[in-house]
Amino acid sequence: MSNTSVSTAPPRPCGISDSGVDLQRLMIRADFIRPLEGRKVVFTGVLTKLQREEAEILTSRCGGKCQSSVSRKTDLVVVGELDSRTVNAGRTMSSKEATARQLADEGAAVKIMTEQEFLEMIIAM
């Protein structure tokens, strides 16, 4: 007899993320609607609905361009959960989010939203 266990969890449907987001459907929709056309997007923190790579591909398919840091040219900052580095440093937000908030306070047109709001924006368009 073998001691290996067999998973009884149903297989994940193709295109469905671990959190239940229908990624394949979003990608197809993004190709046609392109709600982020020409916008520069920065992701920060730990994403829970999508993997970071999936979020970056979705952004690209929506016509946006991912950036690794926040600047005055950034249009959108998508904030995930705090990661361990931020928590261990005793901060309540990532340095990217803090920079985005400072730029917004100075009048820059950067929009800060949660991962859920980001997904809802894409779905709604």
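See the structure above.
Quick summary incoming for the structure in this document. (Residues numbered from 1 in each chain as written. Predicted model: local features only at pLDDT ≥ 70, side-chain atom pairs only at ≥ 80, totals over all residues. Heavy atoms only, no water.)

Re helix 2 (residues 52–61)
Note on helix geometry: an α-helix contains 3.6 residues per turn, so any two residues three or four positions apart are oriented the same way.
1) Next: Burial in helix 2 covers these residues: Glu54, Ala55, Leu58 and Thr59. All buried residues of helix 2 project into a common sector of 135° when viewed along the axis, lining one side.
2) Next: Those residues of helix 2 that are buried lie in contact with helix 1 (23–33), strand 1 (40–44), strand 2 (65–67) and helix 5 (115–124).
3) Next: At the C-terminal side of helix 2, Gly63 shows a positive phi close to 95°. (Buried < 20%, exposed > 50% of the residue type's maximum accessible area, 1.4 Å probe, protein only. Helix = DSSP H or I, 4+ residues; strand = E, 2+ residues; numbered from the N terminus. Arc of directions from axis to C-beta. Contact = heavy atoms within 4.5 Å.)

Quick notes on the side chain of Thr74
1) Next: Tracing the sequence through the fold places Thr74 in the loop between strand 2 and strand 3 (76–79).
2) Next: A distance of 2.8 Å separates a polar atom in the side chain of Thr74 from a polar atom in the side chain of Gln67.
3) Next: Polar side-chain contacts of Thr74 include one of 2.9 Å to the backbone nitrogen of Ser71.
4) Next: Look past the residues within four positions of Thr74 in its chain and what remains in contact with it is Lys40, Val42, Gln67, Ser69, Ala109 and Val110. (Polar contact = N/O pair within 3.5 Å; in protein donor to acceptor, adjacent residues only side chain to side chain.)

Observations concerning the packing of aromatic side chains
For any pair of aromatic rings, the description rests on two quantities: the centre-to-centre distance and the angle between the ring planes.
1) Next: Following the criterion strictly, the structure yields one aromatic pair and no others.
2) Next: The interplanar angle of 90° and the centroid separation of 5.4 Å between the aromatic rings of Phe43 and Phe118 together place this pair among those described as edge-to-face. You can see Phe43 sitting in strand 1 and its partner Phe118 sitting in helix 5, a full 75 residues away along the chain. Just as Phe43 is buried, Phe118 falls in that class too. (Phe/Tyr/Trp six-rings, centres within 6.5 Å; stacked < 30°, edge-to-face > 60°.)

Re the sheet that holds strand 4 (residues 111–114)
1) Next: On the basis of which strands lie adjacent, the open sheet formed by four strands has the order 2-1-3-4 and parallel pairing. The open sheet terminates on both sides in strands that have one partner only, identified here as strand 2 and strand 4. For this sheet, the mean inter-axis angle between neighbouring strands, taken without regard to orientation, is 30°.
2) Next: Where strand 1 and strand 2 come together, three bridges link them in parallel fashion. Across the sheet, the residue bridging to Lys40 is Lys65, located in strand 2.
3) Next: Its contacts with the sheet place helix 2 against strand 1 and strand 2, and it is angled at close to 170° to strand 1.
4) Next: The strands touched by helix 4 (residues 95–105) are strand 1, strand 3 and strand 4; relative to strand 1, the strand with the most contacts, the crossing angle is about 135°. (Pairing = 2+ DSSP bridges. Axes fitted to C-alpha atoms, helices over the stretch in contact; angles between N-to-C directions.)

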